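Examining the three-dimensional arrangement
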Amino acid sequence: MELIQQTPDLSAYLAADEAIDHEHPRVREVAGRLAREAENSYAYARLAFEFVRDTIPHSQDSGDPRVTWRASDVLERRTGICYAKAHALAALLRAEDIPTALCYQRFDVVHGLVAVRLDGAWHRQDPRGNKPGVNAQFSLDGERLAFAPDHAAGEADYPELYAAPHPAVLDVLKAATDRPHLWQTLPAAL
């Protein structure tokens with residue numbers, strides 16, 4: 001699948017916004033700690049991915065009813081669904097000047113992930129969090145995502161790469177009173 005930048009200007013994929021608040025002190029602190037452990041941008045990208053995937057539980061898996069959507073809140077509260085975890089990873093990567101896009105898949109509901117630009121190409125990564133039956137890995141040579149769409153069943157990969165969260169995603173996150181409420185309002189398509 002060919003990934004399509006929604007915005008041609010690559011600098012848009014480095015920008016901060018209300019959800020990807022990479023200038024926030026909490027994001028900067030985590031990014032700085034991870035950067036000290038990395039010998040280059042590739043190692044940093046892997047460390048940031050593994051940090052979000054492994055240390056921030058997916059709220060559905062952990063039973064946490066809180067809804068987070070802003071990257072700094074995800075890092076502070078240590079919880080989030082796929083969209084929120086994607087926002088946190090995007091913020092950590094952008095904090096270290098690695099262009100990062102938000103992208104989506106469609107299953108029963110829309111699933112969020114990121115694409116990172118390294119080696120002159122976009123590479124999708126899924127920081128959702130592993131569990132039995134889910135084994136997402138950081139990879140620049142072939143996708144190792146949490147889920148593969150069944151196209152015959154109407155599931156899909158969306159090829160668009162967004163510089164900011166899709167409004168349908170951000171609106172439901174911001175309106176949700178808790179995760180059970182969020183589950184009733186998740187977008188089924190973009």
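A few points on the structure. Not measured: the values here are computed from a predicted model.

With respect to the overall build of the protein
When its secondary structure is counted, the protein shows seven helices and six strands. The globule rule puts the C-alpha radius of gyration for 190 residues at 16 Å, and the 15 Å found for the protein is close to it. In the protein, which comprises 190 residues, the share counted as buried stands at 52%. Considering only residue pairs separated by 6 or more positions, the protein has 60% of its internal contacts joining residues 24 or more positions apart. Summing over all exposed atoms, the protein offers an accessible surface of approximately 8400 Å²; the carbon and sulfur share of this is 48%.

Quick notes on the pairing of strand E2 (residues 100-106)
When you tally the buried positions in E2, you get six out of seven residues, the bulk of the element. Two strands pair when backbone bridges link them, and E2 and strand E3 (residues 110-118) are joined in this way by seven bridges, in the antiparallel orientation. Across the sheet, residue Thr100 finds its bridge partner in E3, namely Val116. Here E2 folds back onto E3 in antiparallel fashion, the turn holding three residues.

What to know about the side chain of Asp126
Looking at the element boundaries, Asp126 is found in the loop between strand E4 (121-125) and strand E5 (156-157). Summary of buried charges: Asp126 has no salt-bridge partner, and the nearest side chain of opposite charge, Arg128, is 6.3 Å away. In this structure the side chain of Asp126 is engaged in a polar contact, spanning 3.0 Å, whose partner is the backbone nitrogen of Arg128. Within the structure, Asp126 has its side chain in polar contact with the backbone nitrogen of Ala146 (distance 3.4 Å).

Here we look at the sheet that holds E3
Pairing is antiparallel across the open sheet formed by four strands, whose spatial order is E4-E3-E2-E5. Since the sheet does not close on itself, it has two edges, and those belong to E4 and E5, each with one partner. Its contacts with the sheet put helix H5 (residues 82-95) on E2 and E3, and the angle it makes with E3 is roughly 15 degrees.

A look at the nonpolar core
Counting 49 residues, the largest nonpolar core has Tyr44, Tyr83 and Leu92 as its most contacted members. Broken down by element, the residue count for this core peaks at eleven residues, all from H5. With sequence-adjacent residues up to four places away left out, Tyr83 is seen in contact with Tyr104, Val110, His111, Gly112, Val169, Leu173, Leu186 and Pro187. Among the nonpolar cores identified, the runner-up in size contains eleven residues, and Leu3, Ala101, Leu113 and Leu161 belong to it.

Let's talk about the pattern of salt bridges
As enumerated under the stated definition, the model contains eleven salt bridges in all. Arg33 serves as the salt-bridge partner of Glu29, at 3.2 Å between the closest nitrogen and oxygen. Placement of both Glu29 and Arg33 in helix H1 (residues 25-37) is noted, with a separation of four residues, approximately one turn of the helix. Judged by relative accessible area, Glu29 falls into the partly exposed class, the value being 35%. Classification of Arg33 by relative accessible area gives partly exposed; the value is 28%. Ionic contacts of the salt-bridge type, sharing partners, join the residues Arg26, Glu29, Arg33 and Glu76 into one network.

Quick word on H5
With 14 residues, H5 extends 20 Å from end C-alpha to end C-alpha; this agrees with the ideal 20 Å at 1.5 Å per step. At the exit of H5 stands Asp97, carrying a positive phi of roughly 60 degrees.

Considering H1
Under the 1.5 Å per step criterion, the end-to-end length of H1 is 19 Å for 13 residues, consistent within 8% with the ideal 18 Å. Where H1 is concerned, the buried positions are Val27, Val30, Ala31, Gly32 and Leu34. Where H1 is buried, its residues contact helix H2 (41-55), helix H4 (71-77) and H5.

Rules and cut-offs
- Residues numbered from 1 in each chain as written.
- Predicted model: local features only at pLDDT ≥ 70, side-chain atom pairs only at ≥ 80, totals over all residues.
- Heavy atoms only, no water.
- Helix = DSSP H or I, 4+ residues; strand = E, 2+ residues; numbered from the N terminus.
- Rg over C-alpha atoms; globule rule 2.2 N^0.38 Å.
- Buried < 20%, exposed > 50% of the residue type's maximum accessible area, 1.4 Å probe, protein only.
- Contact = heavy atoms within 4.5 Å.
- Areas by Shrake-Rupley, 256 points an atom, 1.4 Å probe, with all protein chains shown as cover.
- Pairing = 2+ DSSP bridges.
- Lys, Arg positive; Asp, Glu negative; His and termini not counted.
- Salt bridge = Lys/Arg side-chain N within 4 Å of Asp/Glu carboxyl O.
- Polar contact = N/O pair within 3.5 Å; in protein donor to acceptor, adjacent residues only side chain to side chain.
- Axes fitted to C-alpha atoms, helices over the stretch in contact; angles between N-to-C directions.
- Core = buried A, V, L, I, M, F, W, Y, C linked by side-chain atoms within 4.5 Å.
- Expected span 1.5 Å × (residues − 1).

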